[in-house]
Amino acid sequence: MTAVTTPPKKQAQRGRPGQSSPKLAYLPIIFLAFAIGVPLLIIVVYSFLEKPSQGTGVKWVFTLENYKALFIQEKLDGTTALDTRYIKVLWTSFYYSLLTTVVTLALSIPVAMWIATRDARKRNLLVALVTLPFWISILIRTYGMRQIVADEGPIGKFLGIFNIEWSILYSPPATILGLIYVFLPFMILPIYASAERFDFRLAEAAYDLGAKRMTVVRRVILPSIRPGVISGIALVFIPALGSFLQSDMLGGGKTNMVANVIANNFGQARNWPFGSALAVLLIVLTLLFVLIMQGAAQRRGDKVELV
Amino acid sequence: MSEKYLEICNITKVFQTPEGGEVRALDDVTLDIASGEFFILLGPSGCGKTTLLRSIAGLEYPDSGEIILQGERIDDKPPYDRPVNTVFQSYALFPHMTVGDNIAFGLEMENVDKDEVAKRVEEALEQVQLAGYAKRMPSQLSGGQQQRIALARALAKKPKVLLLDEPLSALDLKLRRGMQVELKRLQRETGITFVFVTHDQEEAMSMGDRIAVFSQGKIVQLDTPVEVYRRPVNAYVADFIGETNLIKGTVVSGGISLPGGNVLPTDQLAADSVIPASGDVTVAIRPEDLVLAANGMISGTVRDVIFTGDSVRVHVTVGDVEVIASLASYGTEIPEQGSKVTLNPEHRAARTVAS
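Residues numbered from 1 in each chain as written. Chains lettered and ligands numbered in written order. Predicted model: local features only at pLDDT ≥ 70, side-chain atom pairs only at ≥ 80, totals over all residues. Heavy atoms only, no water.

S.K.: How would you sum up the overall build of chain B? Please name residues and give values.
M.R.: Helix and strand content of chain B: 8 helices and 20 strands. With the C-alpha coordinates of chain B rotated into their principal frame, the extents come out at 75 × 45 × 45 Å. The contacts of chain B with a sequence gap of at least 6 include a subset with a gap of at least 24, amounting to 66%. Of the accessible surface of chain B, which amounts to about 16200 Å², a share of 48% is contributed by carbon and sulfur atoms. In chain B, 35 side chains carry a positive charge and 49 a negative one; their mean positions are 3 Å apart. (Helix = DSSP H or I, 4+ residues; strand = E, 2+ residues; numbered from the N terminus. Contact = heavy atoms within 4.5 Å. Areas by Shrake-Rupley, 256 points an atom, 1.4 Å probe, with all protein chains shown as cover. Lys, Arg positive; Asp, Glu negative; His and termini not counted. Charge placed at Lys NZ, Arg CZ, Asp CG, Glu CD.)

This is the structure in structure tokens:
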């Protein structure tokens, strides 16, 4: 009897259909570990090394000077003073990213809700339209943005009719506009994904119970799409914090964000250790932000995992 | 019950289909519902009953007509300005709120003060026999419990009319029967006017004070359950409410000629049956109104015998049609399949109906 009943057990061990073998995940995991882990390790190590007296690269001598230099300036006469330049750059990055996040959020919620309430065929078309910018290189799109916001661009010419002066290119507003433009789809898509799952009969129930339009949005719709909103904030704020292209091309290099300073240290300034220290600081601050977001989400009982 | 409470006057609602056609969900519907009544809107899916309920709630705006509650027009008001509340088929409990917060939601919209809200939430939970469940999340409750919470949420508002949109359709039969009794009791105790939509004729008959039978956007018959069952106005109602043998026949002198050469004398039909002088008619006979008789008026051959416990259902081939007789389980000799039998209609319950 035992001989007859053994074969099925062996088959059961192979796993159910549709359940992929963990072996398939090994290769991408190893790839990602190398692609993310190794550069990160290099950056962290470099940040504790000295800058060679000439040329690029690092001198293999341990030092904490790079981190000190982020906040403290040594004057020629030997005295030290608080250096606010890098704190200001970080603050600028944080402020631009926050503004970008707030504006994209305000624009995305109504758009996502509107798309989610169309019929299925229109929904797919509209989502495809939202993702359309991804078809074109970000570099080309940013060049395009430069043409549009230029003093003599279409906006400038139009406002010129009414004698309104338009000059934002190579200034902070152009950088922020560029950030909003680039990150808008990253906010719309996750919110749409949540909104699409929203059961609009709940909104009807809220109306029926005496809630007015804004109350329905605030107390029923927003809590239901909160996971999408949190994902959207993470997908916009974190990359915006490290964005480089917009301030470089639209801000004219005058309005530096932290990524521009980091890039400059690896380029023209030829100070790899200091650039690494600044990069580590940015990573730590980003991680801190993610942890705060996650903590807030968990307190509200949302199932959101960012790290 | 004589005073007008909720008046539906000439309501019409037309929907556009995606193919460009039109569906008249409600076609000039007029009816009055009395205060404290348990009123049923009954019909198959797509007959317009839910559209009417949603029009009363304010979730749908009719194209024409008026809805008047206690002498005041409400059809042009938004849902939050109408003193009516709905129990939805899908329950529509807010998944991110506790049971207590779900019930409190509607009261907070009325700016009821905090202590009063807490009191009424507790009261509503007791009414549906779920006291102590306030802290649970809806996802932690069974379907039957969620249904009760949806009911409690609407009742807590003390609406002038409670609208129920097939609230029991997702429950299994046993739970549904229990809830029917409980709903009826709640309605009696609170005195609230219930308007209840269902496609289940048994549910309609066991709960309703009056039933409006819908077909294709119109009311076909509006009466008490007993009247709708005993005196259906046409073949559609006779067939939809309960089970009926609809037999086509021809008027002959002194009776109606049925298939298989059988003749049903006129004096066996219900006294108020309308019998034309000549031509084709449809005779409706309920299975339970047929009995086996030694020399009955309708003769045929037994095709199937089904024992269901409380009754014996005998399928008899009469001419070219099949007639079902539902016989009492005890005290009846169960006929054999293939045997010749004769049946008699009883109580003069058979009647002619418009087809």
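S.K.: I'd like a rundown of the overall build of chain A, residues and numbers included.
M.R.: Check the secondary structure of chain A and you find 14 helices and 4 strands. What you see for chain A is a C-alpha radius of gyration of 25 Å, clearly larger than the 19 Å of a compact globule of 307 residues, by over 25%. Dimensions of chain A along its principal axes, counting C-alpha atoms only, are 90 × 75 × 35 Å. Relative to its full complement of 307 residues, chain A shows a buried share of 38%. Counting contacts in chain A only where the partners sit at least 6 residues apart, residues at least 24 apart contribute 63% of the total. Carbon and sulfur atoms make up 66% of the accessible area of chain A, which amounts to about 18800 Å² in all. Here chain A holds 30 positive side-chain charges and 16 negative ones, and the gap between their average locations is 10 Å. (Rg over C-alpha atoms; globule rule 2.2 N^0.38 Å. Buried < 20%, exposed > 50% of the residue type's maximum accessible area, 1.4 Å probe, protein only.)

S.K.: I'd love a proper account of the environment of B:V29, names of residues and values included.
M.R.: All names here are of chain B. Inspection of the secondary structure assignment puts V29 in strand β2 (residues 22–33). Judged by relative accessible area, V29 falls into the buried class, the value being 2%. Through-space distance from the C-alpha of V29 to that of Q146 is 33 Å; in sequence the pair is 117 residues apart. With near-sequence residues (within four places) excluded, V29 lies in contact with I8, C9, N10, I11, L52, F214, G217, K218 and I219.

S.K.: Quick rundown of the confidence of the model for chain A? Include the residues and the values.
M.R.: All names here are of chain A. Predicted confidence across chain A gives a mean pLDDT of 87, with 90% of residues reaching 70 or more. Here helix α1 (residues 2–5) is the element of chain A with the lowest mean pLDDT, 44, and helix α5 (residues 85–116) is the one with the highest, 94. Confidence drops under pLDDT 50 across residues 1–12; counting only partners more than four residues distant or on other chains, this segment forms 0 contacts. (pLDDT = per-residue confidence, 0-100.)

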